[in-house]
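# Descriptive analysis of the structure
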Amino acid sequence: MQVRLKLDTCGVKLKLAHWHQFNHAQRQMLVVLPCQSSAEIQAYRNKLQDLVLEHTGSVPKDLPIDPEPAWLRETMIPGPVEEKAQEVGAKLALGQWQQLTPLQRFALIKLSRPGHENRNFLPAIKEFKLV
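Worth saying up front: this structure is predicted, and the values here are computed from it rather than measured.

A separate point is the overall build of the protein chain. Assigned secondary structure in the protein chain consists of eight helices and two strands. N-terminal to C-terminal, the α/β element order of the protein chain is α-β-α-α-α-β-α-α-α-α. Long-range contacts, defined as pairs at least 24 residues apart, comprise 62% of the intrachain contacts of the protein chain with a sequence gap of at least 6. For the protein chain, the accessible area works out to roughly 8000 Å², and carbon and sulfur atoms hold 54% of it. Looking at charge distribution, the protein chain has the averaged site of its 17 positive side-chain charges lying 5 Å from that of its 13 negative ones.

What follows is the structure, encoded as structure tokens:
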């Protein structure tokens, strides 16, 4: 999830096939490289594009970058997250949402998307001590 958050942040679509071509050290580097400031985001994007190009001979596609992503908004719980919580018998309070880290909020958003298998949503809210 850490890398998926960074992919959404820097606007790069990384295919699973690309990920599988990276060695352990390259994957670990993508986990730990910072991707928060404008300079870090650009450096991460460049490094990722270089890795994909090195392994596949082509650059990965771009993703649109949300200027105000839901995982950074603390003032409201996204509807799909609330709905998924209700489906599994949980009720999330705004205060709980606000206490989560952006990475935790990102994970819940991704795990509650329509069409997603969602089997990890309940384990995630348990891990985050929301139930």
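Moving on to the packing of helix α1 (residues 2-10) against helix α7 (residues 102-111). Viewed as axis vectors pointing N to C, α1 and α7 meet at an angle of 90 degrees, and their least axial separation amounts to 10 Å. One finds that α1 runs roughly perpendicular with respect to α7. Within the contact between the two elements, α1 uses Gln2, Arg4, Leu5 and Asp8 and α7 uses Leu103, Phe106 and Lys110. Residue composition of the contact of α1 with α7, by class: three nonpolar, one polar and three charged.

Core analysis: the largest hydrophobic core is formed by 20 residues, its most contacted members being Val81, Trp97, Leu108, Phe121, Phe128 and Leu130. Elements that contribute at least two residues to this core include exactly α5 (79-87), α7 and α8 (121-127). Leu7, Cys10, Ile41 and Leu48 belong to the second-largest nonpolar core, a separate cluster that totals 13 residues.

A separate point is unusual backbone geometry. Peptide bonds are trans in most cases, and residues, glycine excluded, mostly fall at negative phi. One non-glycine residue, Lys129, lies in the positive phi region at around 60 degrees. Position of Lys129 among the secondary structure elements: in the segment after α8. For Lys129, a relative accessible area of 69% gives the class exposed.

Under the defined criterion, the tally for this structure stands at five salt bridges. Residue Asp66 is joined to Arg73 by a salt bridge in which the shortest nitrogen-to-oxygen separation is 4.0 Å. Residue Arg73 is classed as partly exposed on the basis of its relative accessible area, which comes to 33%. With its nearest N and O atoms 2.9 Å apart, the salt bridge here joins Glu87 to Lys84. One end of the pair is Glu87 and the other is Lys84, both in helix α5 and three residues apart, which spans about a single turn.

It is worth spelling out the packing of aromatic side chains at this point. All chains considered together, the criterion is met by two aromatic pairs. Aromatic pair Trp19 and Phe22: ring centres 6.2 Å apart, planes at 70 degrees, arrangement edge-to-face. Using a relative accessible area of 21% as the deciding quantity, one classes Trp19 as partly exposed. Where Trp71 meets Phe106, the ring centres are 4.9 Å apart and the plane angle is 90 degrees; that geometry is what we call edge-to-face. With a gap of 35 residues between them, Trp71 in the loop between β2 (61-62) and α5 and Phe106 in helix α7 connect regions that are remote in the sequence. The buried category is assigned to Trp71, whose relative accessible area is 12%. The cationic tip of Arg105 hangs over the ring face of Trp97; the distance from NZ or CZ to the ring centre is 5.9 Å.

Parameters at a glance
Residues numbered from 1 in each chain as written. Predicted model: local features only at pLDDT ≥ 70, side-chain atom pairs only at ≥ 80, totals over all residues. Heavy atoms only, no water. Helix = DSSP H or I, 4+ residues; strand = E, 2+ residues; numbered from the N terminus. Contact = heavy atoms within 4.5 Å. Areas by Shrake-Rupley, 256 points an atom, 1.4 Å probe, with all protein chains shown as cover. Lys, Arg positive; Asp, Glu negative; His and termini not counted. Charge placed at Lys NZ, Arg CZ, Asp CG, Glu CD. Axes fitted to C-alpha atoms, helices over the stretch in contact; angles between N-to-C directions. Parallel < 35°, antiparallel > 145°, perpendicular 65-115°, else oblique. Nonpolar A, V, L, I, M, F, W, Y, C, P; charged D, E, K, R; others polar. Core = buried A, V, L, I, M, F, W, Y, C linked by side-chain atoms within 4.5 Å. Buried < 20%, exposed > 50% of the residue type's maximum accessible area, 1.4 Å probe, protein only. Salt bridge = Lys/Arg side-chain N within 4 Å of Asp/Glu carboxyl O. Phe/Tyr/Trp six-rings, centres within 6.5 Å; stacked < 30°, edge-to-face > 60°. Lys NZ or Arg CZ within 6 Å of the ring centre and 35° of its normal.

By themselves, these observations are geometric and do not establish any function.
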